Amino acid sequence: MAARGLEWLVVVHWANVYYLTGFTGSAGALLVGGEGATLVTDSRYREQAQEEAQGMRIRVSRQSALVATAGVLSQRVRRGAARVGFEAAHTTVADKEQLARGAGRGIRWVPVQGWMEGLRAVKDPGELATMRLAARLASEVFAEVLRLVKPGVREVDLAAEIDYRMRRGGASAPAFETIVAAGPRSAWPHARPTGRPLGRNELVVLDMGAILRHYSSDLTRTVYLGRAPSRIRRWYGAVREAQEAARQALKPGAAGHQVDAAARCVLRRHGLDRFFVHSTGHGLGIEVHEEPRLARGQRAVLEAGNVVTIEPGVYVEGVGGIRVEDDFVVQAQGAERLTSAPRELLEI
Ligand SMILES: [Mn+2]
C-alpha cells in the first residue's frame, strides 16, 4: 500500500476477507488503513464476526457492509485527497459507484489486482496440513464410490453418493458441482451429471473435491466399464505420461506456462494435443481455482508452498474423454502429491 501511495484499501472478495480475518460470513468488507484494519459487516453477522475474527476491530452496521464501509471512509478522510485502493476484479461497477457516492468527494480510487491472491498462493504449514486432509477426504470418497460404479447406475446417483460421503467425512460442501459423465458425455470436460444410466464399454469421468476447514481439494479419475480397447489404453497412457511430465516440471522457479507446455508436449508426441482443450492446472486453496495458473501465457514463476492441480485430458467428440487430476505442493525437493487415489486405468 505504501509503494502505491495508498492510505486505505477496501477488500470485498469473500476469500480474501476470510484469509485476512477468519470471517466466513457472505457479506463483509475489510477496510485496511489508519491504525490497522476494520471488519465491516451487517447485523446478521454480529456474533459470528466476533467469534471468527477475534482480535480485530469489528463494526456492525444496520446498513449493508458496503454502505457502512463508505461511511467509515467519509468520516476518516476529512481533508480529502486520500488514495483508496479497491479490488478491481471483485468490485462491481454498481458497488464501486455506491462506495464512491457514500465516501464523498476528495477520494482518489485506485484499482488494485492480485495482491491478496498473491499472498494466498503461498501456503503456510498450517494451510498445507489442512489441504492434505481435504485431499485425503476426496481420495477416500473416490475409493468408496468406486464400488458403486457399474452399468445401470445413473450419473446423478453417483454424484449424490460422492457429495453425501464428502459431507459425512467432514466437508462443509463440495468444492464445485461434482462431475460424473459417462460415454460420449465424458468428452465434455465440465459435463453436469444427468439421469442417464452408465452403460457397458463406456468411459466414466468422476471429478470431485471437498471443502474441508475452508480449503478445497480437486480430484479426477477416469474408469472404463469393461475391458478397454487398445485405443482407449493408448489415450489413457498418454494422459498419465503428460501428467507425469508436468509433475517433473513443477518446481520453484519454473513458470506456469512451462509446466503447461511439459504436459502439452507429451500429448503432441502422441498426436493428441488437439484433444487437450483446457489448461494443465490451477492453484487450489480457499478457492478451487486460484493462483497460480498452469496455462499458456502464464509467465509468473512458481514458489515453494504453491498448491496446484495437474489435470491433463483428452476429449474426443462422440467417443469419450479421459482426465487424470491430482493436487500437488510445489517444493524445492520435488512436488508432493496430496491426493492418493490409484492412477492406473481402472477397468470395472
Ligand atoms: Mn481442477
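Residues numbered from 1 in each chain as written. Predicted model: local features only at pLDDT ≥ 70, side-chain atom pairs only at ≥ 80, totals over all residues. Heavy atoms only, no water.

Outline the coordination of the manganese ion, supporting the account with residue identities and numerical values.
Asp-218 (OD), His-282 (NE2), Glu-311 (OE) and Glu-325 (OE) make up the full set of protein donors to the manganese ion, lying at 2.1 to 2.4 Å. Judged by relative accessible area, which is 10%, Glu-311 ranks as buried. (Donors = N, O, S within 2.8 Å, 3.2 Å for Na, K, Ca; no water. Buried < 20%, exposed > 50% of the residue type's maximum accessible area, 1.4 Å probe, protein only.)

So what's going on with helix H7 (residues 155-168)? Which residues, and what values?
Between its first and last C-alpha atoms H7 spans 20 Å; for 14 residues at 1.5 Å apiece the expected length is 20 Å, and the two agree. Looking only at H7, the buried set comprises Glu-155, Leu-158, Ala-159, Ile-162 and Met-166. Taken down its axis, H7 places every buried residue within 100° of arc, on the same side. H7 presents Arg-167 and Arg-168 as exposed residues on the side facing more than 90 degrees away from its buried surface. On the buried face of H7, the contacting elements are helix H6 (125-146), strand E7 (173-174), strand E8 (179-182), strand E9 (203-208) and strand E10 (210-212). Backbone geometry just downstream of H7 places Gly-170 in the positive-phi region, at approximately 110°. (Helix = DSSP H or I, 4+ residues; strand = E, 2+ residues; numbered from the N terminus. Expected span 1.5 Å × (residues − 1). Arc of directions from axis to C-beta. Contact = heavy atoms within 4.5 Å.)

With reference to specific residues and values, describe H6.
Between the first and last C-alpha of H6 there are 32 Å, a value that for 22 residues agrees with the 32 Å anticipated at 1.5 Å per step. Of the residues that open H6, the one with a side-chain oxygen 3.0 Å from the backbone nitrogen of Gly-126 is Asp-124. (Polar contact = N/O pair within 3.5 Å; in protein donor to acceptor, adjacent residues only side chain to side chain.)

Account for the side chain of His-13, naming residues and giving values.
With respect to the helices and strands, His-13 occurs in the loop between strand E1 (8-11) and helix H1 (14-21). Taking the relative accessible area as the measure of exposure, His-13 reaches 11% and is therefore buried. Of note is the side chain of His-13, whose polar atom sits 3.1 Å from the side chain of Glu-287.

Can you break down the layout of surface pockets residue by residue, with the values?
Roughly 360 Å³ of internal volume is contained in the largest pocket. Taken together, 23 residues form the lining of the largest pocket, with His-190, Asp-207, His-282, His-289 and Glu-311 sitting closest to its centre. Looking at the lining of the largest pocket, the elements with two or more residues in it are strand E13 (281-283) and strand E14 (290-294). For the lining of the largest pocket, the per-class residue count stands at 8 nonpolar, 7 polar and 8 charged. (1 Å grid on protein atoms, 1.4 Å probe; cavity = no way out; pocket = protein on both sides within 12 Å on 5 of 7 lines; lining within 4 Å. Points joined across faces, edges and corners; volume = space filled by probe spheres on them. Nonpolar A, V, L, I, M, F, W, Y, C, P; charged D, E, K, R; others polar.)

Any details on the pattern of salt bridges? Residues and values, ideally.
Where charged atoms of side chains with opposite charge meet at close range, the side chains can pair. Evaluation of the coordinates by the stated rule reveals 22 salt bridges. Put simply, Glu-290 and Arg-120 hold a salt bridge, and the shortest N to O gap is 2.8 Å. In this pair, Glu-290 sits in strand E14 while Arg-120 sits in helix H5 (residues 115-120), placing the two residues 170 residues apart along the sequence. You'll find Glu-290 and Arg-120 in the same group, each marked buried. Across the pair Glu-177 and Arg-192 runs a salt bridge, and its minimum N-O distance is 2.8 Å. Separated by 15 residues along the polypeptide, Glu-177 in the loop between E7 and E8 and Arg-192 in the loop between E8 and E9 bring together distant segments of the chain. The class of Glu-177 is partly exposed, set by a relative accessible area of 47%. With relative accessibility at 58%, the residue Arg-192 sits in the exposed group. Taken together, the shared-partner salt bridges connect Arg-120, Lys-123, Glu-287 and Glu-290 into one network. (Salt bridge = Lys/Arg side-chain N within 4 Å of Asp/Glu carboxyl O.)

Can you explain the sheet that holds strand E5 (residues 82-87)? Please cite residues and give values.
Reading across the sheet, the 6 strands line up as E4-E3-E2-E1-E5-E6 and stay open at both edges, with mixed pairing between neighbours. The open sheet has two edge strands with one neighbour each: strand E4 (57-61) and strand E6 (107-112). When strand polarity is set aside, the average angle formed by the axes of neighbouring strands in this sheet is 25°. Packing of H1 onto the sheet brings it into contact with E1, strand E2 (28-33), strand E3 (36-42) and E5, and relative to E2 it is tilted by some 60°. Across the sheet, helix H4 (residues 93-103) lies against E1, E5 and E6, angled at about 155° from E6, the strand it touches most. (Pairing = 2+ DSSP bridges. Axes fitted to C-alpha atoms, helices over the stretch in contact; angles between N-to-C directions.)

Describe the pairing of E4, and please don't skip the residues or the numbers.
Here E3 runs beside E4; their pairing, made up of 5 bridges, is parallel. By the bridge assignment for E4, Asp-42 is matched with Ser-61. Tracing the backbone out of E3, into helix H2 (residues 46-52) and back to the parallel element E4 gives a crossover that is right-handed. (Right-handed = clockwise from strand over helix to strand, strands pointing away.)

Outline the packing of H6 against H7, listing residues and values.
Where H6 contacts H7, the axes come no closer than 10 Å and their chain directions differ by 135°. One way to sum up the angle between H6 and H7 is to call them oblique. Note that H6 runs across H7; the crossing there is right-handed. Residues Leu-137, Val-141, Glu-144 and Val-145 of H6 touch H7, and the partners they reach there are Leu-158, Glu-161, Ile-162, Arg-165 and Met-166. (Parallel < 35°, antiparallel > 145°, perpendicular 65-115°, else oblique. Left-handed = near helix turned anticlockwise from the far one by under 90°.)

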